[in-house]
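Here is how the chains run, residue by residue.
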Amino acid sequence: MKLLHSSRRLLALLALCVLPTLAPAAEPAAAPRTVPDTIAQRVAACIACHGREGASNNAAFFPRLAGKPEGYLFNQLVSFRDGRRFNSDMVHLVQHLSDDYLREMAAYFAGLDLPYPAVSPVSDASAETLARGKTLALQGDAARGIPACTQCHGAALTGVQPGIPALVGLPRLYLSSQLGAWLTDDRHALAPDCMAQVGRKLDTADINAVAAWLALQPVPDRAKAVAALPGPLPMPCSAMPVSVK
């Protein structure tokens with residue numbers, strides 16, 4: 001028993017001698033990381049909802065920001081800040097920002113030139129619903145005072161500089177929710193508010209139809225907002241300082 005006790009004591013002493021040699025050496029303190037103060041870094045929070053560099057995909061609820069007309073993006077940011085549009089996250093982000101800062105954000109996203117994701121050709125909308133949506137988008141409904149989407153958003157529906165956005169490449173849910181917001185008077189623009197006039201003439205079937213059809217349309221390669229429309233707008237609109245002739 002005395003020999004066993006002595007052996008255990010010897011092993012314990014050896015462990016005390018060996019363990020310090022096995023402990024890792026202390027590493028030098030890492031240098032503090034610095035974050036570059038760029039507009040890309042400052043708008044990184046937008047990516048959480050709108051996707052990488054503001055290029056949302058078609059499965060999302062949130063709209064694409066990349067490549068939209070700068071004037072349109074600025075107007076929407078101001079509308080969230082000033083209460084004409086409401087989304088709790090957007091209001092929280094922009095409520096204390098100046099016009100100059102919002103212009104800088106708008107210019108950044110407008111300057112991004114990123115490819116659009118492929119559009120899925122699959123829809124649960126009926127052929128009748130899609131046909132109705134196509135008619136509204138390309139011809140409108142003159143009897144009800146509803147202009148075609150192409151009259152304002154361009155023949156290819158890719159938007160018009162400086163303030164009219166594209167309608168292609170957007171998620172169906174987003175399109176229907178925003179058209180619905182015009183119908184229910186939950187979204188506004190500066191006067192003259194042309195979309196409010198159009199939106200109030202739509203019904204839920206119109207909205208479902210045009211959103212379903214638009215969401216299926218392929219996006220032209222390197223789609224850009226056109227510089228101007230071939231003719232005057234069908235009505236005065238604050239997005240485009242053009243008089244009706």
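Definitions and cut-offs
Residues numbered from 1 in each chain as written. Predicted model: local features only at pLDDT ≥ 70, side-chain atom pairs only at ≥ 80, totals over all residues. Heavy atoms only, no water. Disulfide = S-S within 2.5 Å. Helix = DSSP H or I, 4+ residues; strand = E, 2+ residues; numbered from the N terminus. Buried < 20%, exposed > 50% of the residue type's maximum accessible area, 1.4 Å probe, protein only. Axes fitted to C-alpha atoms, helices over the stretch in contact; angles between N-to-C directions. Parallel < 35°, antiparallel > 145°, perpendicular 65-115°, else oblique. Contact = heavy atoms within 4.5 Å. Nonpolar A, V, L, I, M, F, W, Y, C, P; charged D, E, K, R; others polar. 1 Å grid on protein atoms, 1.4 Å probe; cavity = no way out; pocket = protein on both sides within 12 Å on 5 of 7 lines; lining within 4 Å. Points joined across faces, edges and corners; volume = space filled by probe spheres on them. Core = buried A, V, L, I, M, F, W, Y, C linked by side-chain atoms within 4.5 Å. Salt bridge = Lys/Arg side-chain N within 4 Å of Asp/Glu carboxyl O.

## Some words on the state of the cysteines
Point 1. Inspection of every chain in the model, using the stated rule, returns one disulfide.
Point 2. Two residues, Cys-194 and Cys-237, share a disulfide whose sulfurs are 2.0 Å apart. Of this pair, Cys-194 sits in helix H10 (residues 194–199) while Cys-237 is found in the segment after helix H11 (204–216), placing the two residues 43 residues apart along the sequence.
Point 3. Overall, the relative accessible area of 10% leaves Cys-194 in the buried class.
Point 4. Free cysteine Cys-152: the closest other cysteine sulfur is in Cys-194, separated by 6.0 Å.
Point 5. Overall, Cys-152 belongs to the buried group, its relative accessible area being 18%.

## Description of the packing of helix H7 (residues 127–138) against H11
Each pair of packed helices can be summarised by the angle the axes make with each other and by the distance between the axes.
Point 1. For the pair H7 and H11, interaxial distance at closest approach is 7 Å and the crossing angle is 85°. In terms of orientation, H7 lies roughly perpendicular with respect to H11. Here Thr-129, Leu-130, Arg-132, Gly-133, Lys-134, Leu-136, Ala-137 and Leu-138 of H7 lie close against H11, whose contacting residues are Ala-205, Asp-206, Asn-208, Ala-209, Val-210, Ala-212, Trp-213, Leu-214 and Leu-216.
Point 2. Across the contact of H7 with H11, the residue classes tally to 11 nonpolar, three polar and three charged.

## A short note on the layout of surface pockets
Point 1. Of the voids in this model, the second largest pocket is the one considered here, and its volume is about 280 Å³.
Point 2. Considering the residues around the second largest pocket, the lining is formed by 26 residues, among which Arg-64, Leu-114, Tyr-116, Val-219 and Ala-223 are closest to the centre.
Point 3. The residue makeup of the lining of the second largest pocket, split by class, is 17 nonpolar, three polar and six charged.

## Digging into the nonpolar core
Inside soluble globular proteins, nonpolar side chains tend to come together where they are buried.
Point 1. Phe-109 and Leu-214 are the most contacted members of the largest nonpolar core, which totals 55 residues.
Point 2. When contributions to this core are tallied by element, the ones reaching two or more residues are helix H4 (70–82), helix H5 (88–94), helix H6 (99–110), H7, helix H8 (149–153), helix H9 (172–183), H10 and H11.
Point 3. Looking at this core, the element that brings in the most residues is H11, giving seven residues.
Point 4. Apart from the residues lying within four places of it in its own chain, the contact partners of Leu-214 are Ala-137, Leu-157, Leu-167 and Leu-175.

## Considering the pattern of salt bridges
Point 1. A complete count under the given rule lists 14 salt bridges for this structure.
Point 2. In this structure, Asp-37 engages Arg-42 in a salt bridge whose closest nitrogen and oxygen atoms are separated by 3.0 Å.
Point 3. You can call Asp-37 exposed: its relative accessible area is 64%.
Point 4. For Arg-84, the salt bridge goes to Asp-82, with nearest N and O atoms at 3.9 Å.

## Focus: the environment of Gly-111
Point 1. By the element assignment, Gly-111 lies in the loop between H6 and H7.
Point 2. Considering only alpha carbons, one finds Gly-111 and Glu-70, 41 residues apart in sequence, at a separation of 8.1 Å.

Keep in mind that these numbers describe shape and distance, not what the molecule does.
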